[in-house]
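# Close look at the chain arrangement
The primary structure of each chain is shown beneath.
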Amino acid sequence: MREGVLLCFSVLFVCSVLGQVSYSIPEEMPKGSVVGNVAEDFGLDIKSLNSRKARIFSRDGDKYVELHKERGVLLVKNRIDRETLCAQLMPCALHFQIILENPMEFYSVTLEITDINDNPPSFEKSDVRFKISESAVRGAKFILDRAVDLDVGVNALHTYTLEPKEHFVVKLHDPADGSKNVEMILEKPLDREKQEHISLVLTALDGGEPQMTGTMQVLITVLDANDNAPVFTQSVYKASIRENSPVGTILMAVTATDADEGSNGRITYSISSIIENARGVFDVNAENGEITLRRNVDYEKTHSFQMNIRASDDGGLGDSCKVMIDVTDINDNKPSIQIISKSKVISEDATLGTVVTMINIEDADSGDNGKVQCYINENIPFLMKSSTGDFYSLITESELDREIASEYNITVTCSDEGMPSLSSSITLNLQISDVNDNAPVFERSSYEAYIVENNTPGLSIFTVKATDADWKQNARVSYILEDSFVNGVPVSSYVSLSADSGVIHAVRSFDYEQIKDFQFSVKAQDGGSPPLSSNVTVKILIQDQNDNPPQVLYPVQTGGSMVAEMVPRSADVGYLVTKVVAVDVDSGQNAWLSYKLQKATDRALFEVGLQNGEIRTIRQVTDKDAVKQRLTVIVEDNGQPSRSATVIVNVAVADSFPEVMSEFSDFPHDKEYNDNLTFHLVLALAVVSFLFITCLVVIISVKIYRWRQSRILYHSNLPVIPYYPPRYSDTLGTGTLPHVYNYEVCRTTDSRKSDKNFGITGSQNVLIMDPSSTGTMQRIENEKSILDEPDSPLEQKPPNNDWRFTQGQRPGPSGATGGPEVAMGTGPWPQPPTEAEQLQALMAAANEVSEATATLGPGTMGLSTRYSPQFTLQHVPDYRQNVYIPGSTATLTSNPQQQQATAQQATQQALPPPQASAQAEPPKAAQTPASKKKSTKKEKK
């Protein structure tokens, strides 16, 4: 009901000629209430409100009202409290503009807010105390605190009542300045003996409907007589203060005097009443009356303050004065620039005078401090033009050409006329539209970026930037990482590229020791149709980081063994003890190493080369120096931060090894390491002992076996029938065969065991049987046991089927065997010859060898001239060439003189006297392959 009554009193005022309209509404209207129909009042089409983007522009008015475009009316947006907006100011109004575009227009609206009685009167204090002497005369005045009502007009504070009215009445005193002081007047004398304490209630009433009240309790203590009241020197005090003065500033001091003496003449100052806007701003000193500033004052909020100061003595009498304080404005507010409407894009063919932006300028200061002038930067085709009041328009002044300038950054600067002058500025960015006729251009022709190794994956390495002279979509550049490979791996596994920003990120953590640099191509492509693009090469250089500590190569640090460098006691100054060798896999200064002696048993004895790591003596070694010297060398690189490694060098100062052992035997070892070492040493000793015993048994067994074989061959009395192989002779430069082979054959017919060796190629066409050797014949070629030959088995096999012997070819008696053409593979083995046949065979063989060697010459075929046609090389079995005859020391040679001596010696040995034969020394056992190998090794040595 109340709101309906208030709406009935709304007043509408329309000024169509000036393009302004005024509305009046009461405060506290509900949200959504209609303020006025602006479409009807301004004569606007409701449909055009949407198409022309109608909106409200105000610095604070749009917080309380809103425009309903579909209905063309203004509605209450939020709660409107007149006291919050305007305080005691009348009339209270909101000013705002309605902005329309295409074309740009604005209409001014004034909304007056009328007051309703929604605030009761209130006192600053809930009670006030007075001390009044009983001698106070009738008509004595006492100043009471004034109530405050935030409402204005008829709703403001109207009157006061004081109950009960037995002794006092209340009266309003109207000074010339229009303020109302509340005075309590004594109507009936007081009698302390009857009533020492009096309690009164002061009620403040406003003039609204319904009427609202506020109360304060007045407590009076009746005192003995005090016949003189304090009196101020001035009834009105005036002072001024600059805004933004610091807290604690003393404005002035009020002074009152009292003719009484003692406690009745002691004056106390206090603030008796103060208007709402001055509460808590000032403070008065109770003893000296100084008024000080409690909080900052702002001229833009309040221009002046007013309050009453009361002076009271201890007798309860008092006086009051008025204090008026004016606030002086200073230029402390910059001009405020607010954009009402602006265009971000304008075509290059826009006509002259086209409005680009509309702005509103306001300065909260007053006087010259609030006068503002605006201007823009020079050399641009635009002009700042003042419209009405504080509104300015930015318009085109000359033709635009996008090829000359694709965008404009227009700086609007506004300055006031204060001293010193304050200014503020904003920058407007205006784009000029165009077609896609320019490809993106990189800032550089190529890029090089650096990244430190061991980076975090995802780290931003570098940003490539390309610009396009075109506009909007045509100038929107996207970045693409071209497909390529680095060491056979796609470049996308190394880096990634942000398509929008061009920021290159590392996909992996790089290691300088593996890859030093790589490069790839980046393409910049605009958003036009068709799109244009350009490429650039980016090279990433990986920087080394000090991530590897030095590694000590020498001396090697072992787990439990003790390695010491020996220094003789005769060592002189500068004696090189050892050298610490270290490396660092980093590069550059990260790999520069320096050596320092960290700890030492005797620092005065040794020093370490800073650059080379050489440990040298710095004085003469004496007998007093300890044998055990322990040096700790630290190896540092030159990286930031540096890394280091330490190595312990044990130095023994001694002249003999036993002395070192005796001194170093007490070094502590790890128990576990010693136990493991003992176990391994015992195990190794057991294995070596087992192998030694096994080898010893094998060697003894082989020796016994060979000795038995030699004894078997020695006791055999069967002759050996010599057979001559096909390649018996070689000229070696004088004949046609390429090589001479010397063979050794030891064979028996009854043991079925054989020992057969062959030697290396010889240089003489001889078949030698060394009379001084009791073993096999002379060996020239490397020996190979018949046991190792696959086609020479231990057991003697029958001859091949193609071996054929005639009676004339077989040495010995003609009747020793069967028919002339008996096949060796199928016929019986020859019968053992008698002693006469052995002698005959020996003589025949010697003569034939002598005759054959005598006829050899250059270009001959060797044995082909020695034998009859019935005995050719192709019929001889393929046996080894040298023939050993058991029991004989005869030697066959190609020397004619030696042949005769050999024949005679053989004859004498073949026909010994009976007693000589019986006493003949038995021949030594034939050498086995193993023994021959040993002898060969000795010959080589």
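Parameters at a glance
- Residues numbered from 1 in each chain as written.
- Predicted model: local features only at pLDDT ≥ 70, side-chain atom pairs only at ≥ 80, totals over all residues.
- Heavy atoms only, no water.
- Helix = DSSP H or I, 4+ residues; strand = E, 2+ residues; numbered from the N terminus.
- Areas by Shrake-Rupley, 256 points an atom, 1.4 Å probe, with all protein chains shown as cover.
- Buried < 20%, exposed > 50% of the residue type's maximum accessible area, 1.4 Å probe, protein only.
- Pairing = 2+ DSSP bridges.
- Phe/Tyr/Trp six-rings, centres within 6.5 Å; stacked < 30°, edge-to-face > 60°.
- Lys NZ or Arg CZ within 6 Å of the ring centre and 35° of its normal.
- Axes fitted to C-alpha atoms, helices over the stretch in contact; angles between N-to-C directions.
- Salt bridge = Lys/Arg side-chain N within 4 Å of Asp/Glu carboxyl O.
- Patch = residues over 30% accessible without salt bridge, like charges linked within 9 Å, V, L, I, M, F, W, Y side chains within 5 Å.
- Lys, Arg positive; Asp, Glu negative; His and termini not counted.
- Charge placed at Lys NZ, Arg CZ, Asp CG, Glu CD.
- Disulfide = S-S within 2.5 Å.
- pLDDT = per-residue confidence, 0-100.
- Contact = heavy atoms within 4.5 Å.
- Polar contact = N/O pair within 3.5 Å; in protein donor to acceptor, adjacent residues only side chain to side chain.

## Focus: the overall build of the protein
When helices and strands are counted, the protein shows ten helices and 56 strands. Summed over all atoms, the accessible surface of the protein reaches about 51300 Å², with 52% contributed by carbon and sulfur.

## Some words on the pairing of strand 51 (residues 628-637)
For a regular strand, side-chain orientation follows a simple rule: the groups alternate between the two sheet faces. By the criterion of burial, strand 51 is predominantly enclosed, with seven of the ten residues buried. Here seven bridges tie strand 48 (residues 593-600) to strand 51, and the two strands are oriented antiparallel to one another. Counterpart to A600 in the pairing with strand 51 is L631. Examined bridge by bridge, strand 51 and strand 52 (residues 644-653) share nine bridges and lie antiparallel to one another. Counterpart to E636 in the pairing with strand 52 is S644.

## Comments concerning the packing of aromatic side chains
For any pair of aromatic rings, the description rests on two quantities: the centre-to-centre distance and the angle between the ring planes. This model, assessed by the stated rule, comprises 15 aromatic pairs. The interplanar angle of 70° and the centroid separation of 6.1 Å between the aromatic rings of F130 and F142 together place this pair among those described as edge-to-face. Highlighted residues: F130 in strand 9 (residues 127-133) and F142 in strand 10 (residues 141-144), separated in sequence by twelve residues. Relative to F518, the ring of Y494 has its centre 5.2 Å away and its plane inclined at 45°; by these criteria the two rings are tilted. With a gap of 24 residues between them, Y494 in the loop between strand 39 (489-490) and strand 40 (495-497) and F518 in strand 42 (residues 517-525) connect regions that are remote in the sequence. An aromatic cluster is built from Y494, F510, F518 and F520, whose rings are joined through pairwise contacts. When the ring centre of Y512 is taken as origin, the NZ or CZ atom of K516, which lies over that ring, is 4.8 Å away.

## Overview of the sheet that holds strand 24 (residues 318-328)
In a beta sheet, neighbouring strands are held together by backbone hydrogen bonds and run either parallel or antiparallel to one another. Read from one edge of the open sheet, four strands run 17-24-23-20, paired in mixed fashion. Of all strands in the sheet, those bounded by a partner on one side alone are strand 17 (236-242) and strand 20 (267-274). On average, each strand axis in the sheet is tilted by 30° relative to the strand beside it, whichever way the strands run. Sheet topology note: the strand 23 (residues 304-313)/strand 24 ladder contains nine bridges and is antiparallel. For S312, the partnering residue across the bridge sits in strand 24 and is G318.

## Some details on the sheet that holds strand 25 (residues 336-342)
Read from one edge to the other, the open sheet built from four strands follows the order 25-27-30-29, with strand pairing classed as antiparallel. The open sheet is flanked by strand 25 and strand 29 (382-386), the only strands paired with a single partner. Strand after strand, the sheet turns through a mean of 25° between neighbouring axes, direction not considered.

## A short note on the pattern of salt bridges
Note that side chains of opposite charge can pair when their charged atoms are close. Inspection of every chain in the model, using the stated rule, returns 16 salt bridges. Of the charged contacts in the structure, one is a salt bridge between R52 and E105, with a shortest N-O distance of 3.1 Å. Of this pair, R52 sits in the loop between helix 3 (46-51) and strand 4 (55-57) while E105 sits in strand 8 (residues 105-114); the two residues are 53 residues apart in sequence, bridging distant segments of the chain. According to the relative accessible area criterion, E105 is partly exposed, its value standing at 28%. Where R616 meets E614, a salt bridge forms, and the shortest distance between an N and an O atom there is 2.9 Å. Classification of R616 as partly exposed rests on a relative accessible area of 28%. Connected through salt bridges with shared partners, the residues E28, R79 and D81 form a single ionic network.

## Structural notes on a negative patch on the surface
A grouping of E399, D401, E403 and D437 is seen on the molecular surface, where their side chains present a negatively charged patch. Topologically, D437 is positioned in the loop between strand 32 (423-433) and strand 33 (441-442).

## What about a nonpolar patch on the surface?
Side chains of F692, I693, L696, V697, I700 and I704 sit close together on the surface and give an oily, nonpolar patch of about 580 Å² of accessible area. Relative to the helices and strands, V697 resides in helix 6 (residues 671-715).

## What to know about the state of the cysteines
Within the structure shown, the criterion is met by two disulfides. Covalent S-S linkage joins C86 and C92, the inter-sulfur distance amounting to 1.9 Å. What sets the handedness of the C86 and C92 disulfide is the S-S torsion sign, and at about 65° it is right-handed. Here the two residues C86 and C92 agree in accessibility, since each one is buried. The disulfide that involves C374 links it to C414, with 2.1 Å between the sulfurs. Between C374 and C414, the disulfide has an S-S torsion of 105° and is therefore right-handed. With C374 in strand 28 (residues 372-376) and C414 in strand 31 (residues 407-416), this residue pair connects regions lying 40 residues apart in the sequence. Regarding the disulfides, the protein carries the connectivity 1-2, 3-4 under sequence-order numbering of its bonded cysteines.

## So, unusual backbone geometry
Peptide bonds are trans in most cases, and residues, glycine excluded, mostly fall at negative phi. Cis geometry is adopted by the peptide bond preceding P210, which originates at E209 and carries an omega value of 0°. Looking at the secondary structure, you find P210 in the loop between strand 14 (197-206) and strand 15 (213-223). Residue N487 is not a glycine yet carries a positive backbone phi of 55°. The residue N487 is located in the loop between strand 38 (485-486) and strand 39 in this model.

## What about the confidence of the model for the protein?
Summarising the model, the protein shows a mean pLDDT of 74, and 70% of its residues fall at 70 or more. Contacts from residues 718-830, a stretch scored under 50 in pLDDT, to residues over four places away or in other chains number 255 contacts. Of the regions scoring below 50 in pLDDT, residues 852-941 engages in 164 contacts with residues more than four places distant in sequence or in other chains.

## Observations regarding the side chain of E83
Tracing the sequence through the fold places E83 in helix 4 (residues 82-86). Among the residues examined, E83 registers a relative accessible area of 10% and is labelled buried. With residues near it in sequence (within four places) discarded, E83 still touches E27, D115, I116, D118, N119, L150 and D151.

## Side note on the environment of P335
Tracing the backbone shows P335 in the loop between strand 24 and strand 25. Relative accessible area serves as the criterion here: at 4%, P335 is assigned to the buried category. For P335 and I361, which are 26 residues apart along the polypeptide, the C-alpha to C-alpha distance reads 6.7 Å. Once you skip the residues sitting within four places of it in the chain, P335 turns out to touch I361, E362, D363, V372, C414, S415, D416, L422, S423 and S424.

## A few points about the environment of S108
Position of S108 among the secondary structure elements: in strand 8. Along the chain, S108 and I56 lie 52 residues apart, while their C-alpha atoms are 9.8 Å from each other. Not counting the four nearest positions on each side in its chain, S108 is found in contact with G19, Q20, V21, F42, F96 and Q97.

## A word on the side chain of D544
Note that D544 resides in the loop between strand 43 (533-543) and strand 44 (551-554). One buried charged residue, D544, remains without a salt bridge, the closest side chain of opposite sign being K516 at 8.2 Å. Here the side chain of D544 touches S587 through a polar contact of 2.8 Å, landing on its backbone nitrogen.

## Here's the deal with the environment of P457
Tracing the backbone shows P457 in the loop between strand 34 (446-452) and strand 35 (460-463). Residue P457 is classed as exposed on the basis of its relative accessible area, which comes to 51%. Here the alpha-carbon distance between P457 and A506, two residues 49 residues apart in the chain, equals 5.5 Å. Here P457 is in contact with A506, V507, R508 and S509, once residues within four sequence places are set aside.

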